[in-house]
There are 2 protein chains.
Amino acid sequence: MEKLKSKILKEAYIIDNRIIKVDHFINHMLDTKLVFEIGKEFANEFSGINKILTIEASGIAFSVATAFHLDNVPIVFARKSASLITTENVYKSKVFSFTKQIESTIIVDKEFLNPGDNVLIIDDFLATGNALNGLIDIANQANAKVKGVGIVIEKGYQGGRKRIEDMGIKVHSLANIKRIEDGKVVFEENND
Amino acid sequence: MEKLKSKILKEAYIIDNRIIKVDHFINHMLDTKLVFEIGKEFANEFSGINKILTIEASGIAFSVATAFHLDNVPIVFARKSASLITTENVYKSKVFSFTKQIESTIIVDKEFLNPGDNVLIIDDFLATGNALNGLIDIANQANAKVKGVGIVIEKGYQGGRKRIEDMGIKVHSLANIKRIEDGKVVFEENND
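Residues numbered from 1 in each chain as written. Chains lettered and ligands numbered in written order. Predicted model: local features only at pLDDT ≥ 70, side-chain atom pairs only at ≥ 80, totals over all residues. Heavy atoms only, no water.

Asker: Honestly, the interface of chain A and chain B in this entry has me stumped. Any pointers?
Answerer: By a widely used convention, the size of an interface equals the accessible area lost when the partners come together. Residue-level contacts link 41 residues of chain A with 41 residues of chain B. A combined buried area of about 3,800 Å² lies between chain A and chain B, and 68% of that area is made up of carbon and sulfur atoms. Seen at the junction of chain A and chain B, the total is two salt bridges. The partner of Asp109(A) in a salt bridge is Lys21(B), and the shortest N-O contact between them spans 3.9 Å. Where chain A packs against chain B, one counts 10 residue pairs in polar contact (both at pLDDT 80 or more). Listing elements by their share of the side of chain A that touches chain B, those giving two or more residues are β2 (19–21), α2 (23–27), β3 (29–30), α3 (32–45), α4 (60–68), β5 (75–78) and β7 (102–109) of chain A. Here the side of chain A that touches chain B is composed, by residue class, of 22 nonpolar, 10 polar and nine charged. Note that β3(A) and strand β5 (residues 75–78) of chain B share two bridges and pair antiparallel. Considered in β5(B), the bridge of Met29(A) is made with Val76(B). (Contact = heavy atoms within 4.5 Å. Buried area = accessible area lost by both parts, 1.4 Å probe. Salt bridge = Lys/Arg side-chain N within 4 Å of Asp/Glu carboxyl O. Polar contact = N/O pair within 3.5 Å; in protein donor to acceptor, adjacent residues only side chain to side chain. Helix = DSSP H or I, 4+ residues; strand = E, 2+ residues; numbered from the N terminus. Nonpolar A, V, L, I, M, F, W, Y, C, P; charged D, E, K, R; others polar. Pairing = 2+ DSSP bridges.)

Asker: Help me understand the sheet that holds strand β4 (residues 51–55) of chain A in this model?
Answerer: Sheet strands line up and pair through hydrogen bonds in the backbone, either parallel or antiparallel. Here seven strands make up an open sheet; going across it, the order is β11(A)-β10(A)-β9(A)-β8(A)-β4(A)-β5(A)-β3(B) and the pairing mixed. This sheet does not close on itself; its edge strands, each paired only once, are β11 (184–187) of chain A together with β3 (29–30) of chain B. In the packing of α3(A) onto the sheet, contacts are made with β8 (118–126), β9 (145–155) and β10 (171–181) of chain A, and the angle to β10(A) comes to roughly 120 degrees. (Axes fitted to C-alpha atoms, helices over the stretch in contact; angles between N-to-C directions.)

Asker: Can you help me understand helix α3 (residues 32–45) of chain B in this one?
Answerer: At 3.6 residues per turn, the α-helix brings residues three or four places apart onto the same side. Compared with an ideal rise of 1.5 Å per residue, which puts 14 residues at 20 Å, α3(B) spans 20 Å between its outermost C-alpha atoms and is within 8% of the ideal. All of the buried residues in α3(B) are Thr32(B), Leu34(B), Val35(B), Phe36(B), Ile38(B), Gly39(B), Phe42(B) and Ala43(B). (Expected span 1.5 Å × (residues − 1). Buried < 20%, exposed > 50% of the residue type's maximum accessible area, 1.4 Å probe, protein only.)

Asker: Honestly, the nonpolar core in this entry has me stumped. Any pointers?
Answerer: Nonpolar side chains tend to gather and get buried jointly when the protein is soluble and globular. Residues Leu4(A), Ile8(A), Ile38(A), Leu4(B), Ile8(B) and Ile38(B) are the most contacted members of the largest nonpolar core, which totals 80 residues. If sequence neighbours within four positions are ignored, Ile38(A) has contacts with Met1(A), Leu4(A), Phe62(A), Val152(A) and Leu174(A). (Core = buried A, V, L, I, M, F, W, Y, C linked by side-chain atoms within 4.5 Å.)

Asker: Sorry if this is basic, but what is going on with the relation of the copies chain A and chain B here?
Answerer: Copy one and copy two of the chain differ by a rotation about a common axis and a shift along it. With an axial shift of 0.0 Å and an RMSD of 0.0 Å, the rotation relating chain A to chain B amounts to 180 degrees. With respect to symmetry, the two chain copies, as superposed, fit the operation of a two-fold axis. For chain A, the residue whose C-alpha comes nearest the rotation axis is Ala57(A), separated from it by 2.4 Å. Comparing interface residues between copies, 100% of those in chain A also sit at the interface in chain B, which points to an isologous, same-surface contact. (Least-squares fit on C-alpha atoms with pLDDT ≥ 70 in both.)

Asker: I would appreciate a short explanation of the pattern of salt bridges in the present structure.
Answerer: As a working rule, side chains carrying opposite charge can pair if their charged atoms are close by. Applying the stated criterion to the full structure yields 28 salt bridges over all chains. One salt bridge in this structure joins Arg161(A) and Glu154(A), with 2.7 Å as the shortest N-O distance. Accessibility classification places Arg161(A) together with Glu154(A) in one group, the buried group. Here Arg179(B) ties to Glu181(B) by a salt bridge, and the two come within 2.6 Å at their closest N and O atoms. Among the ionic contacts, a cluster of salt bridges with common partners joins Lys3(A), Lys33(A) and Glu37(A).

Asker: So what exactly am I meant to see when it comes to the environment of Val185(A) here?
Answerer: Residue and element names in this part refer to chain A. Note on placement: Val-185 falls in strand β11. Exposure remark for Val-185: the relative accessible area of 11% places this residue in the buried category. Through-space distance from the C-alpha of Val-185 to that of Ala-12 is 8.9 Å; in sequence the pair is 173 residues apart. Dropping the residues within four chain positions of it, Val-185 is found in contact with Ile-8, Leu-9, Ile-14, Ile-177 and Arg-179.

Asker: Explain the packing of aromatic side chains here, please?
Answerer: The geometry of an aromatic ring pair comes down to the distance between the two centres and the angle between the two planes. Taken as a whole, this structure holds six aromatic pairs over all chains when the rule is applied. Seen from their ring centres, Phe36(A) and Phe36(B) are 6.1 Å apart, and the 65 degrees between their planes marks the pair as edge-to-face. Placement of the pair is Phe36(A) in helix α3 and Phe36(B) in helix α3, with the two residues belonging to separate chains. The exposure classification of Phe36(A) matches that of Phe36(B), with both residues buried. The exposure class assigned to Phe36(B) is buried, which follows from its relative accessible area of 7%. Members of the aromatic cluster, joined through ring pairs, are Phe36(A), Phe68(A), Phe36(B) and Phe68(B). One residue, Lys5(A), lies across the ring of Phe187(A), its end atom 5.8 Å from the ring centre. (Phe/Tyr/Trp six-rings, centres within 6.5 Å; stacked < 30°, edge-to-face > 60°. Lys NZ or Arg CZ within 6 Å of the ring centre and 35° of its normal.)

Encoded structure:
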């Protein structure tokens, strides 16, 4: 997605040739117009979807925008810790966060994913793929079909895509970063 | 908002005359069509807004839908814990969660709230008002003006509204629960 790539080139902060900081339009402040354009890209790429699955918190906005362009399909967001209210009757998976260096449990109420569901998984980042693998694990537990994965920014050099494609699942990212060089992002060509 | 109240009456689970469980359309699975109708209600109620402030995770979807109906104003969502990436240069406030019985720190990067901002705060629930007070505290630290608070479901019997109105801030909730009686929700009349 050219507009996204161009915005990353112009506005992302690169720290230590390793961390890409896009807090100001992707995961702390949201450029709402861009969020809906991103949702439209995902909606155009996948069909036959009856439910979106994502993970709190940064996947939610992009899921809402995608659902808007997919006839308002419902969205399920996996939660990162069990609250007082939801502790039983849930699918669970463990996810190790590379950024935060902690392991957390993500949960989805068993009511909300069912056999026969055709699920599109949406997230803001794909790096090692741990969060996505947790979501796919949960969809598998529910015998739901994962029709595809839509990612806003992929860190291609961290290898997460292969683990998912090896399961036969289509991955579509809107900006795929090949490497970071001298504080600058270099994108994979032809990834969308 | 009649449609929301009617859905709560028909579909909410009431536990111990105390907990209202609306996970299946508000804070775990989202009824996307309803989310956008809620956003439209908030957009109609407030004017002169240039930024929406909310808190992860359940406030995000309603903020995206509200921003959609408010000329795509940007959204800032307060984060609940400091990640590896964002640890400095932030406004902070402490919030005690009545539901989870834990205190957490919410943060907003200082770049994202400024003097001159006219902020609409959006959240899914208003109960004791702790989360909202944290958000207002952060807006005050930034010398931003809080133009109003939009709440999807208010638990009127927990008294959170008064603390906010006493600061001169307008509160608009779409369903205000007066009490829970014999496992049934009773709404305040004329609250919207």
